[in-house]
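Take a look at the letters that make up each chain.
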Amino acid sequence: MWLLRNDEKGLIYRVSSGKEHMVSRKDADLLLEGDQSISRKHALLSVNDENENEGIVLKDLGSKYGTFTIIGDGQLTQLSPQQQVTLKCGDNVRFGIQWNSWRVDYVPLLVANVHTDSGGEDRGQTAGDGSRRASGQRLA
């Protein structure tokens, strides 16, 4: 699962596959309130369903104050309007000119079935985060 982390504010946003995530200061999936350098339609984030391991696709939507990346070599680069890039684990993205800097992280989601012998007690499932769920319950 792909995440954006804002360590300064202690925020984490999950970028799920199969959906476009709007970044905006109003009516958005990733809502960045209180920052006037964020446009109403600032950027889109998505993860390819067919190859989730590729990374997060980031597209600037012509934002007024820009979308910036720090990829690999550490150089800050502003995306052109409508330009898209693929962000990998460890890359950074900044929306606008204030505090909205996020680090890209990838956490593999592992699911394991736990079964005991016929007289056993534990027939639950364990998710990658270590939490337990009853058998048959959907893992998010």
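The model shown is predicted, which means the values in this text are computed figures rather than measured ones.

Novice: Tell me about the pairing of strand 7 (residues 67–71), residues and numbers included.
Specialist: Bridge count between strand 7 and strand 10 (residues 92–95): 4 bridges; the pairing is antiparallel. The residue bridging Phe-68 from the neighbouring strand is Arg-94, located in strand 10. Bridge count between strand 7 and strand 8 (residues 75–78): 4 bridges; the pairing is antiparallel. Its bridge partner being in strand 8, Ile-71 is matched across the sheet by Gln-75. Between the antiparallel neighbours strand 7 and strand 8 lie 3 residues, among them Gly-72 with a positive phi of about 55°.

Novice: Requested: an account of the sheet that holds strand 1 (residues 2–6), with residues and values cited.
Specialist: The sheet built from 6 strands is open, its strands ordered 2-1-11-10-7-8 with antiparallel pairing. With one partner strand each, in any of the chains shown, strand 2 (11–15) and strand 8 form the two edges of the open sheet. Here the strands of the sheet are splayed against their neighbours by 25° on average, with no regard to which way each runs. Across 3 bridges, the pairing between strand 10 and strand 11 (residues 101–106) is antiparallel. Residue Val-93 lies in a different strand from strand 11, and its bridge partner there is Trp-102.

Novice: Quick rundown of the packing of aromatic side chains? Include the residues and the values.
Specialist: Inspection of the entire model under this criterion finds 1 aromatic pair. Seen in terms of ring centroids, Trp-2 and Tyr-106 are 4.6 Å apart; in terms of plane orientation they differ by 50°. Their pairing is tilted. Taken together, the positions of Trp-2 in strand 1 and Tyr-106 in strand 11 put the pair 104 residues apart, joining distant regions of the chain.

Novice: Help me get a handle on the side chain of Ser-37, residues and values and all.
Specialist: On the secondary structure map, Ser-37 appears in the loop between strand 4 (30–31) and strand 5 (43–46). Take Ser-37: its relative accessible area is 3%, and that puts it in the buried class. For Ser-37, the side chain forms a polar contact with the main-chain nitrogen of Ile-97, separated by 2.9 Å. Not counting residues within four places of it along the chain, the set of residues in contact with Ser-37 comprises His-42, Tyr-65, Gly-96, Ile-97 and Gln-98.

Novice: I'd like a description of the confidence of the model for the protein, backed by residues and values.
Specialist: Averaged over every residue, the pLDDT of the protein is 85; the share at 70 or more is 82%. Ignoring residues within four places in sequence, the model shows residues 131–140, a span with pLDDT below 50, making 22 contacts including any to other chains.

Novice: Go over the environment of Gly-55, please, and point to the residues and values.
Specialist: Examined against the element boundaries, Gly-55 turns out to sit in the loop between strand 5 and strand 6 (56–60). Relative accessible area serves as the criterion here: at 2%, Gly-55 is assigned to the buried category. It is 9.6 Å that separates the C-alpha atoms of Gly-55 and Val-85, two residues lying 30 residues apart in sequence.

Novice: Describe the side chain of Ser-46, with residues and values.
Specialist: Here Ser-46 shows up in strand 5. What Ser-46 contacts, discounting residues up to four positions off in sequence, is Val-15, Lys-19, Glu-20, Gly-55, Ile-56 and Val-57.

Novice: Give me the lowdown on the sheet that holds strand 3 (residues 21–24), citing residues and values where you can.
Specialist: In spatial order, the strands read 4-3-5-6-9; together these 5 strands make up an open sheet with mixed pairing. Because the sheet does not close on itself, it has two edges, and the strands there are strand 4 and strand 9 (84–87).

How each quantity is defined
Residues numbered from 1 in each chain as written. Predicted model: local features only at pLDDT ≥ 70, side-chain atom pairs only at ≥ 80, totals over all residues. Heavy atoms only, no water. Pairing = 2+ DSSP bridges. Helix = DSSP H or I, 4+ residues; strand = E, 2+ residues; numbered from the N terminus. Axes fitted to C-alpha atoms, helices over the stretch in contact; angles between N-to-C directions. Phe/Tyr/Trp six-rings, centres within 6.5 Å; stacked < 30°, edge-to-face > 60°. Buried < 20%, exposed > 50% of the residue type's maximum accessible area, 1.4 Å probe, protein only. Polar contact = N/O pair within 3.5 Å; in protein donor to acceptor, adjacent residues only side chain to side chain. Contact = heavy atoms within 4.5 Å. pLDDT = per-residue confidence, 0-100.

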